[in-house]
Amino acid sequence: MLCTLVLSGNGDGKCLIRKDTLFVMAAVRLADTGVSPVKFRFAQDMEYSFFYSNQLFVNWHQGDRTSMISLFHQFKYRSKFSDDRNIRISNSFFHELGIQYFFDSIFRFQPDENTLDTRLEVRIAKKITFSVFSNLATRTFNSFRYSHDSNGVVVKTLSGSFLTPLLWTFSTGFTGAISRIGTISMGLSAARFTWVRNRGVYNQPYVISFYGVPRWKSCTFEYGLSMHLQTDVSFLTGSHWNCDLLVFKNYDKPVDLAMKTFVGIKLNKFLKATIQTRLLYEKEVSKQVQVEILVSLGFYFPL
């Protein structure tokens, strides 16, 4: 979307046209000073998807017999502001929330994710920019671990909630463009802030640390290096694949890794099939790589 400054015959700026909206402006005589009006661009897009799945077993004696109903939705918003030369500011917000009901009375919110990315870039070469990057991530609702006690009764313990944890990774470094694929950023100076708002996650005696935050503290602040890879590739008609990989290396600890991949295939104007994969590794949480794969079919609405 292009915003253009319209000048009258005597060189006075009269209006700014942005999409179909006219903004009246007063301007000095730029033509008299020899200064050219600066063109800038602001683009944005939104997308909403809704999915439903059901798994029902009756007198089933093979494998897993857990019946469940699952509903979840996704909302994506992206915006980009730039001049025609050297500066670009981009933002993206991703919200995903799922509701799962198991007929054995267990109810949970999964997946539950909110992510806000902000990036400021200043061009220093054709495909290289100096960048400042921020990534905020948290869930919305409480999550629980379910287990059985010695009497076979289901016991649930809190394993996460809103701002528990809040993960904020920010860095400064350089970003390089990968032709027709995406970008890769190297954070030469990076930090990560982790905050645990709900102290209920420490109620179990064996929990002495949560996402690297000790029981006796409410937050941690780490310094290190980071790497951020973003890809967005379109294929066929209206279908695309994107990948978001964020790596953070504390100087004194192993690498932490979070990767999300998404493949969306449009079957028609409003019907869409998706395959999502989340891969997490953080030694403070688990020594094993955690993987979640979600295949779904649902309704898609570009906004």
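Residues numbered from 1 in each chain as written. Predicted model: local features only at pLDDT ≥ 70, side-chain atom pairs only at ≥ 80, totals over all residues. Heavy atoms only, no water.

Visitor: Account for the pattern of salt bridges, naming residues and giving values.
Guide: Summed over the entire model, instances satisfying the criterion amount to 13 salt bridges. A salt bridge links glutamate 113 to lysine 260, with the nearest nitrogen and oxygen atoms 2.9 Å apart. With a gap of 147 residues between them, glutamate 113 in strand β7 (residues 107–123) and lysine 260 in strand β17 (residues 255–266) connect regions that are remote in the sequence. For lysine 260, a relative accessible area of 24% corresponds to the partly exposed category. In this structure, glutamate 222 engages arginine 192 in a salt bridge whose closest nitrogen and oxygen atoms are separated by 3.1 Å. Here arginine 192 lies in strand β12 (residues 182–195) and glutamate 222 lies in strand β15 (residues 219–235), a separation of 30 residues in the sequence. Owing to a relative accessible area of 6%, arginine 192 belongs among the buried residues under this scheme. Beyond isolated ion pairs, a larger network of salt bridges with shared partners links Arg192, Glu222, Lys253, Asp256, Glu282 and Glu284. (Salt bridge = Lys/Arg side-chain N within 4 Å of Asp/Glu carboxyl O. Helix = DSSP H or I, 4+ residues; strand = E, 2+ residues; numbered from the N terminus. Buried < 20%, exposed > 50% of the residue type's maximum accessible area, 1.4 Å probe, protein only.)

Visitor: Any chance you could break down the packing of aromatic side chains for me, citing the residues and the numbers?
Guide: For the structure shown, the criterion picks out ten aromatic pairs. Relative to phenylalanine 81, the ring of phenylalanine 40 has its centre 5.6 Å away and its plane inclined at 40°; by these criteria the two rings are tilted. Highlighted residues: phenylalanine 40 in strand β4 (residues 40–55) and phenylalanine 81 in strand β5 (residues 68–83), separated in sequence by 41 residues. With relative accessibility at 25%, the residue phenylalanine 40 sits in the partly exposed group. Under the relative-accessibility criterion, phenylalanine 81 is labelled partly exposed at 38%. On the numbers, 4.9 Å between centres and 20° between planes, the contact of phenylalanine 51 with phenylalanine 72 is stacked. Taken as a pair, phenylalanine 51 in strand β4 and phenylalanine 72 in strand β5 lie far apart in primary sequence, 21 residues in all. There is no split in this pair, since phenylalanine 51 and phenylalanine 72 are both buried. Grouped by ring-pair contacts, the aromatic residues Trp168, Phe170, Phe221 and Tyr223 constitute a single cluster. Between the NZ or CZ atom of lysine 76 and the centre of the ring of phenylalanine 262, over which it lies, the distance is 3.8 Å. (Phe/Tyr/Trp six-rings, centres within 6.5 Å; stacked < 30°, edge-to-face > 60°. Lys NZ or Arg CZ within 6 Å of the ring centre and 35° of its normal.)

Visitor: I'd like a rundown of the pairing of strand β9 (residues 143–148), residues and numbers included.
Guide: Judged from the six bridges that link them, β9 and strand β10 (residues 154–160) form a sheet pairing that is antiparallel. The residue of β10 that forms the bridge with serine 143 is glycine 160. Taking the residues that link successive antiparallel strands as the turn, the β9-β10 hairpin has five residues, and the phi of glycine 152 there is positive, at about 80°. (Pairing = 2+ DSSP bridges.)

Visitor: So what about the side chain of glutamine 276? Which residues, and what values?
Guide: Relative to the assigned elements, glutamine 276 resides in strand β18 (residues 271–282). For glutamine 276, a relative accessible area of 10% gives the class buried. At 2.7 Å, the side chain of glutamine 276 forms a polar contact with the side chain of glutamine 74. Glutamine 276 has contacts with Phe72, Gln74, Glu96, Thr261, Phe262, Glu292, Ile293 and Leu294, leaving out every residue within four places of it along the chain. (Polar contact = N/O pair within 3.5 Å; in protein donor to acceptor, adjacent residues only side chain to side chain. Contact = heavy atoms within 4.5 Å.)

Visitor: Break down the environment of leucine 294 for me, with residues and values.
Guide: Here leucine 294 lies in strand β19 (residues 286–302). Distance from leucine 294 to isoleucine 275, taken between C-alpha atoms, is 5.8 Å for residues 19 residues apart in sequence. Apart from the residues within four sequence positions on either side, leucine 294 is in contact with Phe72, Glu96, Thr274, Ile275 and Gln276.

Visitor: Give me the lowdown on the pairing of strand β6 (residues 87–102), citing residues and values where you can.
Guide: Inspection of the sheet shows β5 paired to β6 by 15 bridges, in the antiparallel sense. Across the sheet, serine 70 pairs through a bridge with glutamine 100, a residue of β6. Linkage of β5 to β6, two consecutive antiparallel strands, is achieved through a turn of three residues. As paired elements, β6 and β7 share 14 bridges and run antiparallel to each other. When the bridges of β7 are listed, tyrosine 101 appears paired with phenylalanine 107. Counting the residues that bridge the hairpin from β6 to β7 gives four residues, and of these serine 105 lies at a positive phi of roughly 85°.

Visitor: Any details on the nonpolar core? Residues and values, ideally.
Guide: Leu158, Val196, Val201, Tyr202, Val207, Phe210 and Val213 together form the largest nonpolar core, which totals seven residues. Each residue touching phenylalanine 210, except ones within four places of it in the same chain, is listed here: Ser159, Gly160, Thr164, Pro165, Val196, Val201 and Tyr202. (Core = buried A, V, L, I, M, F, W, Y, C linked by side-chain atoms within 4.5 Å.)

Visitor: So what's going on with the side chain of glutamine 110? Residues and values would help.
Guide: Tracing the backbone shows glutamine 110 in strand β7. Polar contacts involving the side chain of glutamine 110 include one to the side chain of glutamate 292, which spans 2.8 Å. Apart from the residues lying within four places of it in its own chain, the contact partners of glutamine 110 are Gly98, Ile99, Gln100, Arg139, Arg278 and Glu292.

Visitor: Give a detailed account of the confidence of the model for the protein chain, specifying residues and quantitative values.
Guide: Confidence in the prediction of the protein chain, expressed as mean pLDDT, is 83, and 83% of residues score 70 or more. Within the protein chain, strand β1 (residues 2–7) has the poorest average pLDDT of any element, 36, and strand β8 (residues 128–138) the best, 96. With pLDDT under 50 throughout, residues 1–17 is counted as low confidence; its partners more than four residues away or in other chains account for 48 contacts. Counted against residues more than four places away or in other chains, residues 19–32, with its pLDDT under 50, gives 27 contacts. (pLDDT = per-residue confidence, 0-100.)

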